[in-house]
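# Chains, contacts and geometry: an overview
The chain contents come next:
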Amino acid sequence: MATSKKVITREEWEKRLNDVKIRKEDMNRLVMNFLVTEGYVEAAEKFRKESGTDPDIDLATITDRMAVKKAVQAGNVEDAIEKVNDLNPEILDTNPQLFFHLQQQRLIELIRNGKVEEALEFAQEELAPRGEENQSFLEELEKTVALLAFEDVSNCPIGELLDVSQRLKTASEVNAAILTSQSHEKDPKLPSLLKMLIWAQNQLGEKAVYPRINDLSTATLEDPAV
Amino acid sequence: MDASLTLSLSHTNSDTHDLIGSYFLQQWRLKSRAAAAKYESVGVAGSQLLMEVESEESEEDKEELPTELDTLNSSGGFSIVGSNKLSVHYPNVNLHGHDVGVVQANRPAPSKRLVYYFEMYVNNAGTKGQVAIGFTTSGFKLRRQPGWESNSYGYHGDDGLLYRGQGKGEAFGPVYSTGDTVGGGINYASQELFFTKNGAVVGTVFKDVKGPLFPTVAVHSQNEAVTINFGKNPFVFDLKAYEAQERAKQNSTIEKLSIPQDASYGIVRSYLQHYGYEDTLRTFDVESRSTLPPISFVQENGFTEDMNMYSLNQRKVLRQLIRSGQIGDAFGKLREWYPQIVQGGASAICFLLHCQNFIELVRVGKLEEAVLYGRTEFEKFYKLGDYDDLVKDCAALLAYEQPQKSSVGYLLGDSQREIVADAVNAMVLSTNPSVKYSRECLHSRLDRLLRQLSACFLEKRALNGDQGEALHLHRILNSGRKG
């Protein structure tokens, strides 16, 4: 049997909300962390000036990171690999999976551009040896090479590899690896806090009925359903 | 013009203005109090620390911790507590089960946190090694082993068993003896007790007692002697790592939840609008148009967008002036653009601006000018009575050769300018005829979400017998930084 929940009225709840102390500096830091992690380098620079908030990373490194990300997104994987190595050669040395995914993306781009021979040669020389080291790499390699077997890839089951989303996936993996190498978290903190809000509201919802915020895009307090 | 006349003239807006004014005065007072408290605790020598962030722990989270053994109520004379109140020994031969030398800490374990933990070092396991560590409630019979009686828990050295509420133990961890360090902890998130031996967790047990628990140790055979560490010395167990691991467990549950993909983007954007960070906003918009994939963010409904964009450029200009210390110019712009805000000259916003102007004069060393300015402007506020503490803070700046190192040094920090700039920003927002609730002018959407988050944490804890931690935004912001 459900135990009765504590009911908190809007008035009581609003009083509690007003008693909470949120520091402006902390909010500024959250916003800066978002701009920096997501790579809004110009905006981060402007925000530093307008709000006096120091970024938690050297802004120059954002430009380099974004250049790598954009290169992958545009399909220039070789260029991206070179840029990553310029930034810090250890990133790829210590992330075999990331390196494999970049090489795989390179293969995908060759296939996309109809360079069949080059693609085959690249697969056999560069990717196959890595596949031998790792079963999951091998499976991914086979799947990718299979793209060559279809004349019309748009309808084949593995056609998704040619989709923009595959580039974005690889780009975000590189982005995360670079951030990690810079001792920075790979994700901004704001989305985690928003998830925490959903979680905390649900947890409290088990014991109390109170005004909730269900729509993050308006942050409107909704009257408790009693 | 006298004050009462001013009030009647600005009657329509006075409630809103009062609310906004008192909100920012309150912000200031919080800073003032924090600075004073910090100054007192660190003294003059450490006063440079004043400019740094104040303690992240909020007042309501401060609980008194167990610091030593209780010598008043403890043990019916079967054991002897050392003069430092951190050691116990059992001098006699034990005769039965009711002459245990059991001692509780002077205070119960604090609960408004993630984990409580303490340690015991076994100096001597005596003739039988019947040492024990555990937790007991305030009414515990102080002649019995922890765990033998109901509402108590004990990890016993001679058999490594866990006792909870009865004379029969259950399989738990290894035995421990002379030279070993064991620890007892309470994990408020999982509602479990855990025990360690020489730095490693040996087992956990569900905590079914809801009320306060006292750290407790026991000795029960001749020459047994133990030393307790309530945290004054470093623990053998890596408590920080344990806490981090527990938080990571919770976070992995939280990370699985899903939120609309562009929620953060929209919140950041409205934050920039709310505070008038116009340059950042424009750049942010340009940059987000060129991202891949382009942000598919649906523009907010026209109304909210209008509200947020209201007088954005003027708010930006005012903020820039205040942040660079050009208070006179900011005043001038306000008189020109929003005379209703500074009308009468006796409102809280005027007070904030006058104080800041005074502070800026002190900053650049124009002390005589500052004195004159203060004499002209402060008197009327002083008479109003609501501001005398803050006027005193400002005036005190004059007393020091190096005011930034004094207890009112906080006034010279950037955050004081920020309060004034935010207050003016909120005031300007409130002049928007379509504003319905003045609170909208005070709190950005991000602010409201964080308040909700924090309130949920506090209420959840209150409904859980005051157990568990509050939201520490500061800790979250500082986490993930290495080196």
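Residues numbered from 1 in each chain as written. Chains lettered and ligands numbered in written order. Predicted model: local features only at pLDDT ≥ 70, side-chain atom pairs only at ≥ 80, totals over all residues. Heavy atoms only, no water.

### Focus on the overall build of chain A
The criterion, for reference: Runs of H or I in DSSP of at least four residues are treated as helices and runs of E of at least two as strands, each being numbered from the N terminus. Just to be clear, the radius of gyration here is over C-alpha atoms, and the globule rule we use is 2.2 Å times residues to the power 0.38. In what follows, residue pairs with any heavy atoms lying within 4.5 Å of each other are defined as contacts. Under the convention used here, a 1.4 Å probe and the Shrake-Rupley method define accessible areas, while residue burial counts only the protein chains that appear.
From N to C terminus, chain A includes 11 helices and four strands. For chain A, whose C-alpha radius of gyration is 24 Å, the value lies well above the compact-globule estimate of 17 Å for 226 residues. Seen through its principal axes, chain A has C-alpha atoms that stretch 70 × 50 × 30 Å. Looking at chain A alone, contacts between residues at least 24 apart form 52% of all its contacts between residues at least 6 apart. Accessible surface for chain A amounts to roughly 11400 Å². Of this, 47% is attributable to carbon and sulfur atoms.

### Description of the sheet that holds strand 11 (residues 214-219) of chain B
All names here are of chain B. Heads up, the rule is: By definition, two strands form a pair when at least two bridges between them are found by DSSP. An axis is simply a line fitted to the C-alpha atoms; with a helix, the fit covers only the stretch in contact. Between two such axes, the angle follows the N-to-C directions and lies from 0 to 180 degrees.
Taken together, the five strands give an open sheet; going across it, the order is 3-11-5-6-7, and neighbouring strands pair in antiparallel fashion. The two strands at the open ends of the sheet, each matched to only one other strand, are strand 3 (101-104) and strand 7 (162-164). Strand after strand, the sheet turns through a mean of 20° between neighbouring axes, direction not considered. In the sheet, strand 5 (residues 132-136) pairs with strand 11 via five bridges, with the strands oriented antiparallel.

### Remarks on the UniProt feature "domain: CTLH" (unreviewed entry) in chain B
Heads up, the condition is: UniProt positions are given in the numbering used here, feature names are shortened, and annotations may be inferred rather than shown by experiment.
Within this structure's numbering, the places UniProt gives as "domain: CTLH" (unreviewed entry) are residues 311-369 of chain B. Secondary structure across residues 311-369 of chain B comprises 78% helix and 0% strand; the distance between its end C-alpha atoms is 34 Å.

### A look at the packing of aromatic side chains
This is how the line gets drawn: Pairing of aromatic side chains requires ring centres within 6.5 Å, counting the rings of Phe and Tyr and the six-membered ring of Trp. Pairs whose planes differ by under 30 degrees are stacked, by over 60 edge-to-face, and all others tilted. Exposure categories follow from relative accessible area, calculated using a 1.4 Å probe and restricted to protein chains: below 20% of the type maximum is buried, above 50% is exposed, and the middle band is partly exposed. Here, over-ring charges are defined by two tests on the NZ atom of lysine or the CZ atom of arginine: distance to the ring centre within 6 Å, and angle to the ring normal within 35 degrees.
Taken as a whole and assessed by the stated rule, the structure comprises 30 aromatic pairs over all chains. When the ring of Tyr117 of chain B is compared with that of Phe235 of chain B, the centres are 5.0 Å apart and the planes differ by 85°; the resulting orientation is edge-to-face. Within this pair, whereas Tyr117 of chain B is found in strand 4 (residues 115-125), its partner Phe235 of chain B is found in the loop between strand 12 (224-229) and helix 3 (239-255), the two being separated by 118 residues in sequence. We classify Phe235 of chain B as partly exposed; its relative accessible area is 21%. One aromatic cluster is present, formed by Tyr116, Phe118, Phe135, Tyr155, Phe172, Tyr176, Phe195 and Phe230 of chain B through successive ring pairs. Across the ring face of Tyr275 of chain B, the terminal group of Lys24 of chain A is positioned such that the distance to the ring centre comes to 4.0 Å. Its end group placed over the ring of Phe457 of chain B, Lys460 of chain B keeps NZ or CZ at 5.6 Å from the ring centre.

### Examining the pairing of strand 8 (residues 181-187) of chain B
Residues and elements named next belong to chain B. Of all seven residues in strand 8, seven are buried, a share of seventy percent or more. Residues Thr181, Gly183, Gly185 and Asn187 of strand 8 are buried on one face, and the alternating residues Val182, Gly184 and Ile186, pointing to the opposite face, are buried as well. Bridge count between strand 4 and strand 8: seven bridges; the pairing is antiparallel. Paired with Tyr117 across the strands is Gly185, a residue of strand 8. The pairing of strand 8 with strand 9 (residues 192-197) spans six bridges and is antiparallel.

### Some thoughts on the interface of chain A and chain B
Worth spelling out the cut-off: Summed over both partners, the accessible area (1.4 Å probe) lost when two parts come together is defined as the buried area. The term salt bridge refers to a pairing of a side-chain nitrogen on Lys or Arg with a carboxyl oxygen on Asp or Glu at a separation within 4 Å. We call two N or O atoms a polar contact when they sit within 3.5 Å, provided that within protein one can donate a hydrogen and the other can accept it, with sequence-adjacent residues counted only if both atoms are side-chain atoms.
Counting residues at the interface gives 63 residues for chain A, matched by 69 residues for chain B. At the boundary of chain A with chain B, total buried surface from both sides reaches about 6200 Å², with 65% on carbon and sulfur atoms. Summed over the three residues of chain A that lose the most area to chain B, namely Glu50, Lys195 and Trp199 of chain A, the buried surface amounts to 12% of that side. Seen at the junction of chain A and chain B, the total is six salt bridges. Its salt-bridge partner being Lys195 of chain A, residue Glu255 of chain B comes within 3.4 Å of it at the nearest N-O pair. Viewed at the interface, chain B and chain A are joined by 30 residue pairs in polar contact (both at pLDDT 80 or more). Those elements giving two or more residues to the side of chain A that touches chain B turn out to be helix 1 (10-19), helix 2 (24-37), helix 3 (41-51), helix 4 (59-73), helix 11 (189-205) and strand 3 (212-213) of chain A. Per element, the largest residue contribution to the side of chain A that touches chain B is 15 residues, and it comes from helix 11 of chain A.

### Considerations on the UniProt feature "domain: CTLH" (unreviewed entry) in chain A
With numbering aligned to this structure, UniProt lists the feature "domain: CTLH" (unreviewed entry) at residues 61-118 of chain A. Split by type, residues 61-118 of chain A is 83% helix and 0% strand. Its first and last C-alpha atoms lie 34 Å apart.

### Points about the pattern of salt bridges
Residue and element names in this part refer to chain B. One pass over the structure, following the stated rule, counts 37 salt bridges over all chains. Where Lys197 meets Asp180, a salt bridge forms, and the shortest distance between an N and an O atom there is 3.9 Å. With Lys197 in strand 9 and Asp180 in the loop between strand 7 and strand 8, the pair connects residues that are 17 residues apart, well separated along the chain. Residue Glu377 is joined to Lys380 by a salt bridge in which the shortest nitrogen-to-oxygen separation is 3.3 Å.

### A word on the state of the cysteines
Rule in force here: When two cysteine sulfur atoms lie within 2.5 Å, the pair is treated as a disulfide.
As enumerated under the stated definition, the model contains zero disulfides over all chains in all. In this structure Cys441 of chain B is not part of a disulfide, and its nearest cysteine sulfur, from Cys350 of chain B, lies 17 Å away.

### Digging into helix 5 (residues 278-289) of chain B
So the rule is basically this: What a helix is expected to span follows from its residue count: subtract one and scale by 1.5 Å.
With 12 residues, helix 5 of chain B extends 17 Å between its outermost C-alpha atoms, agreeing within 8% with the 16 Å of an ideal straight helix rising 1.5 Å per residue. Buried residues of helix 5 of chain B: Glu278, Thr280, Leu281, Thr283, Phe284, Asp285, Glu287 and Ser288 of chain B, and no others.

### Regarding the nonpolar core
Within soluble globular proteins, side chains that are nonpolar tend to cluster in buried spots. Here is the rule we go by: Nonpolar cores are built from buried Ala, Val, Leu, Ile, Met, Phe, Trp, Tyr and Cys residues. Side-chain atoms within 4.5 Å join them into one set.
Residues Trp13, Leu35 and Met196 of chain A together with Phe284 and Leu446 of chain B are the most contacted members of the largest nonpolar core, which totals 60 residues. The leading source of residues in this core is helix 11 of chain A, at eight residues. Excluding anything up to four places from it in sequence, Leu35 of chain A contacts Tyr40, Ala43, Ala44 and Phe47 of chain A together with Val268, Thr280 and Phe284 of chain B. Listed in part, the 54 residues of the second largest apolar core include Ala35, Tyr338, Val424 and Leu429 of chain B.

### Remarks on empty space enclosed by the protein
We apply this condition: The distinction between a cavity and a pocket rests on a 1 Å grid over the protein atoms alone: a 1.4 Å probe fits inside a cavity but cannot get out, while a pocket stays open yet meets protein on both sides within 12 Å along at least five of seven lines, and a residue with an atom within 4 Å of a point counts as lining. Grid points are joined across faces, edges and corners, and a volume is the space filled by probe spheres set on the points.
Within the structure shown, the criterion is met by two cavities of 30 Å³ or more. Space inside the second largest cavity adds up to approximately 40 Å³. Lining the second largest cavity, in full, are Leu190, Leu193, Leu194 and Leu197 of chain A together with Leu446, Leu449, Leu450 and Leu453 of chain B. Taken together, the elements giving at least two residues each to the lining of the second largest cavity come down to helix 11 of chain A together with helix 15 (445-462) of chain B.

### Focus on the side chain of His474 of chain B
Relative to the assigned elements, His474 of chain B resides in helix 16 (residues 473-478). Accessibility expressed as a relative area gives 9% for His474 of chain B, which makes it buried. A polar atom in the side chain of His474 of chain B sits 3.1 Å from the side chain of Asp26 of chain A.

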